[in-house]
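Secondary and tertiary structure notes
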Amino acid sequence: MAQLQQGGPDEKEKTTALKDLLSRIDLDELMKKDEPPLEFPDTLEGFEYAFNEKGQLRHIKTGEPFVFNYREDLHRWNQKRYEALGEIITKYIYELLEKECHLKKVTLPVDGTESEPKSFIFMSEDALTNPDKLLVLIHGSGVVRAGQWARRLIINEDLDSGTQIPYIKRAIEEGYGVIVLNPNENYIEVEKTKAQVQLSSDSSDEPAEKRERKDKIQKETKKRRDFYEKYRNPQKEKETVQLYIRDNGSPEEHAIYVWDHFIAQSVAQNVFFVAHSYGGLAFVELMIQREADVKNKVTAVALTDSVHNVWHQEAGKTIREWMRENCCNWVSSSEPLDTSVESMLPDCPRVSAGTERHELTSWKSFPSIFRFFREAAEAKGSSVKAAPTRRSNRLKYEEF
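None of the values given here were measured: they were computed from a predicted structure.

**Thoughts on the pattern of salt bridges**
In the structure shown here, the tally under the stated rule is 14 salt bridges. Taking the shortest distance from any N to any O, the salt bridge between arginine 290 and aspartate 260 comes out at 2.8 Å. Of this pair, arginine 290 sits in the loop between helix 11 (278–289) and helix 12 (291–297) while aspartate 260 sits in helix 10 (residues 251–261), placing them 30 residues apart in sequence. Notably, a salt bridge pairs arginine 357 with glutamate 359, separated by 3.1 Å at the nearest N-O pair. Counted as one network, the salt bridges with shared partners bring together Arg152, Glu157, Arg357 and Glu359.

Pasting the structure below:
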């Protein structure tokens, strides 16, 4: 017993020393020493992948799906490789929006100077002149950009489930104009030394109140943006700084800017929104800021697993009432498609998207959403509202 008591402090001291040693080791840096250089191809062909006729990403030699664990026991390197491929996918989708969907790329801000940071959206030629219908698409947060619902689906499933292209093509076939938002393109990155030179040479003449408001928005979103920062430029090793895009420094700001400069200028009698995940929150914020205009112009809103919260966002009673009549949220659920789902929030009806996977809700609810829009437009045209009623626990629309 005495020996055990005597050995106790020694073991404790060794444990403490070991913990101290481990705390001094930068595991990330240790992993870097043994991994290959973070140098990856900049084209799909370079990765030896291509999309087949079914829109599936396949290896051009083996025909196999994308393999994440390309190198065993090198998770960080494999992750960087995946992210590099993701950036190529983003550019590929942009090309499809222009070549296959025949959308045009429009730079933001509309009055931007040559030297300032810029973003962009995509629009059909008739987006502002179509007298009948306009469809507006808003994706969620994270690494996705204009034209995407989920990068993971594009790489591991197919283009139909992971992109907005089926929505765009269907909308154009049915006579809609189309606007595709790009709410996550909020800043550009430059090396810190270059950024400092540029920032010091820029003399802002914005009013102090406007600057304070912008700073507040950027600070509120910085924590969330930083979480995804590692995905923005996977191969960067140099210290960089973010230069925010004027009036588009957050998804919420972007939605309001596109509304003011494009959607509000359109002549369409019926404007429809599809907003996924954080895109739903951005729409609710748009409504809070432009309530009268949105009510006057928007016919119906389809949300897909939206993360909005009318209490936290302080949406007023009149907004909640409008949402109950004009919005529907297709949520992840094990129930069949369009089955009513109970909600704790007093905003809009919630129905099943027919899948329990969050990222698939926009794709699985695709046919129901266009039916929802068609019925909403018909109801508006006849001055009769379409009200959701429960019949056999399935969402139906009944005119009365």
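**Observations concerning unusual backbone geometry**
Omega for the peptide link from leucine 108 to proline 109 comes to -10 degrees, which places this bond in the cis form. Note that proline 109 resides in the loop between strand 3 (104–108) and strand 4 (119–123). In this model, aspartate 305 sits at a positive phi of 45 degrees, which is unusual for a non-glycine residue. By the element assignment, aspartate 305 lies in the loop between strand 10 (298–304) and helix 13 (317–326).

**Observations concerning the packing of aromatic side chains**
Overall, the coordinates contain 22 aromatic pairs when judged by the stated rule. Between tyrosine 94 and phenylalanine 120, the ring centres sit 5.1 Å apart and the planes meet at 80 degrees, which makes this aromatic pair edge-to-face. With tyrosine 94 in helix 4 (residues 75–99) and phenylalanine 120 in strand 4, this pair connects stretches of sequence that are 26 residues apart. Both residues of the pair, tyrosine 94 and phenylalanine 120, count as buried. For the pair tryptophan 363 and phenylalanine 366, a centre-to-centre distance of 5.8 Å together with 20 degrees between the ring planes defines the contact as stacked.

**Thoughts on the packing of helix 7 (residues 165–173) against helix 15 (residues 366–381)**
It is at 11 Å that the axes of helix 7 and helix 15 come closest, and there the two elements cross at 35 degrees. Once helix 7 is placed against helix 15, the crossing between them reads as right-handed. Between helix 7 and helix 15, the residues in contact are Pro166, Tyr167, Arg170 and Ala171 and Phe366, Ile369 and Phe370, respectively.

**What to know about the sheet that holds strand 6 (residues 176–180)**
With mixed pairing, 9 strands are arranged side by side in an open sheet as 3-4-6-5-9-10-11-13-12. At either margin of the open sheet sits one strand with a lone partner, and together these are strand 3 and strand 12 (340–341). With 2 bridges joining them, strand 4 and strand 6 adopt antiparallel strand pairing. Residue pairing in the sheet places phenylalanine 122 in a bridge with valine 180 of strand 6. Across the face of the sheet, helix 10 comes into contact with strand 3, strand 4, strand 6, strand 9 (270–276) and strand 10 while running at roughly 110 degrees to strand 3.

**Quick notes on the packing of helix 10 against helix 11**
The geometry of a pair of packed helices is captured by two quantities: the angle between their axes and the separation between those axes. Where helix 10 contacts helix 11, the axes come no closer than 9 Å and their chain directions differ by 55 degrees. One finds that helix 10 runs oblique with respect to helix 11. In this structure, helix 10 crosses over helix 11, and the sense of that crossing is right-handed. Taking contact as the criterion, the partners of Pro251, Glu252, Ala255, Ile256 and Trp259 in helix 10 are, on helix 11, Tyr278, Leu281, Ala282, Glu285, Leu286 and Gln289. By residue class, the composition of the contact of helix 10 with helix 11 is 8 nonpolar, 1 polar and 2 charged.

**Description of the environment of serine 124**
Relative to the assigned elements, serine 124 resides in the loop between strand 4 and strand 5 (133–138). A sequence separation of 26 residues divides serine 124 from glutamate 98, and the C-alpha atoms of the two residues are 9.3 Å apart. Ignoring any residue separated from it by four or fewer positions in sequence, one finds serine 124 in contact with Leu103, Lys104, Gly177 and Val178. Within polar-contact distance, the side chain of serine 124 engages the side chain of aspartate 126 at 2.8 Å.

Each value, and the rule that gives it
- Residues numbered from 1 in each chain as written.
- Predicted model: local features only at pLDDT ≥ 70, side-chain atom pairs only at ≥ 80, totals over all residues.
- Heavy atoms only, no water.
- Salt bridge = Lys/Arg side-chain N within 4 Å of Asp/Glu carboxyl O.
- Helix = DSSP H or I, 4+ residues; strand = E, 2+ residues; numbered from the N terminus.
- Phe/Tyr/Trp six-rings, centres within 6.5 Å; stacked < 30°, edge-to-face > 60°.
- Buried < 20%, exposed > 50% of the residue type's maximum accessible area, 1.4 Å probe, protein only.
- Axes fitted to C-alpha atoms, helices over the stretch in contact; angles between N-to-C directions.
- Left-handed = near helix turned anticlockwise from the far one by under 90°.
- Contact = heavy atoms within 4.5 Å.
- Pairing = 2+ DSSP bridges.
- Parallel < 35°, antiparallel > 145°, perpendicular 65-115°, else oblique.
- Nonpolar A, V, L, I, M, F, W, Y, C, P; charged D, E, K, R; others polar.
- Polar contact = N/O pair within 3.5 Å; in protein donor to acceptor, adjacent residues only side chain to side chain.

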